[in-house]
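Structural overview
The lines below spell out each chain.
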Amino acid sequence: GVGMGMTAPVSITAFPAEDGSFQQKVKVSLRIPSQFQDSPPCPTDESIKIEERQGMTIYSTQFGGYAKEADYVSYAAKLKAALGSDAVYHKDSYLCNGYDPPMKPYGRRNEVWFVKE
């Protein structure tokens, strides 16, 4: 019953298939606003879980526009190529982040994050 509004980024954990596309399984994460973090409201839907995300070091790339799955897959491939074989990061998943509301037409910000091991 508590309205918290929208937060940014909206983060989707993608689990890439062999060809780089998303598997059907994805995980969507939203940041709980600061004023609710000490005592977040309990979800009424059993599929919603509250998790604490630990600090992490990431490799990141940024791009604009209305991001689609194909954009995230493409930029993940570009980031992978830029990092080469020396960078050590989790290869079983990566994070796709969007920072803007749907009605913002210009200056949109999207990122792909690889989490360093």
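Here the structure is shown first, and the text comes after it.
Here we summarise the structure given alongside this text. (Residues numbered from 1 in each chain as written. Predicted model: local features only at pLDDT ≥ 70, side-chain atom pairs only at ≥ 80, totals over all residues. Heavy atoms only, no water.)

Quick look at the pattern of salt bridges
Counted only if it meets this: Any Lys or Arg side-chain nitrogen located within 4 Å of an Asp or Glu carboxyl oxygen qualifies as a salt bridge. Helical segments are the DSSP runs of H or I of at least four residues, strand segments are the runs of E of at least two, and each set is numbered from the N terminus. Exposed residues in this analysis have more than 50% of their type's maximum accessible area, buried residues have under 20%, and partly exposed residues fall in between, with area computed by a 1.4 Å probe over protein chains only.
According to the stated counting rule, one finds 3 salt bridges in the structure shown. Put simply, Glu-51 and Lys-27 hold a salt bridge, and the shortest N to O gap is 2.7 Å. Taken together, the residues span a long stretch of sequence, with Glu-51 in the loop between helix H1 (34-37) and strand E3 (58-63) and Lys-27 in strand E2 (residues 22-30) at a distance of 24 residues. A relative accessible area of 34% places Lys-27 in the partly exposed class. In this structure, the salt-bridge partner of Arg-109 is Glu-111, at a minimum N-O distance of 2.7 Å.

With respect to the packing of aromatic side chains
Counted only if it meets this: Here the aromatic set is Phe, Tyr and Trp, taking the six-membered ring for Trp, and pairing holds for ring centres within 6.5 Å; pairs whose planes are under 30 degrees apart are stacked, those over 60 apart are edge-to-face, and all others are tilted. A ring has a charge above it when a Lys NZ or an Arg CZ is no more than 6 Å from the ring centre and no more than 35 degrees off the ring normal.
The tally for this structure, following the rule as stated, stands at 6 aromatic pairs. Taken together, a centroid distance of 4.7 Å and an interplanar angle of 20° make the contact between Tyr-89 and Phe-114 stacked. In this pair, Tyr-89 sits in the loop between helix H2 (69-83) and strand E4 (94-98) while Phe-114 sits in strand E5 (residues 110-115), placing the two residues 25 residues apart along the sequence. No difference in accessibility class separates Tyr-89 from Phe-114, as the two residues are buried. Seen in terms of ring centroids, Tyr-94 and Phe-114 are 5.7 Å apart; in terms of plane orientation they differ by 65°. Their pairing is edge-to-face. Pair noted here: Tyr-94 is in strand E4 and Phe-114 is in strand E5, with a separation of 20 residues, a long-range link. The exposure class of Tyr-94 is buried, given its relative accessible area of 6%. Taken together, the aromatic side chains of Phe-22, Tyr-59, Tyr-89, Tyr-94 and Phe-114 make up a single cluster linked through ring pairs. Lys-78 extends its terminal NZ or CZ atom over the ring of Tyr-75, reaching a point 4.4 Å from the ring centre. The residue whose ring lies beneath Arg-109 is Tyr-99, and the NZ or CZ to ring-centre distance is 4.1 Å.

Functional significance is not addressed by these values, which are geometric in nature.
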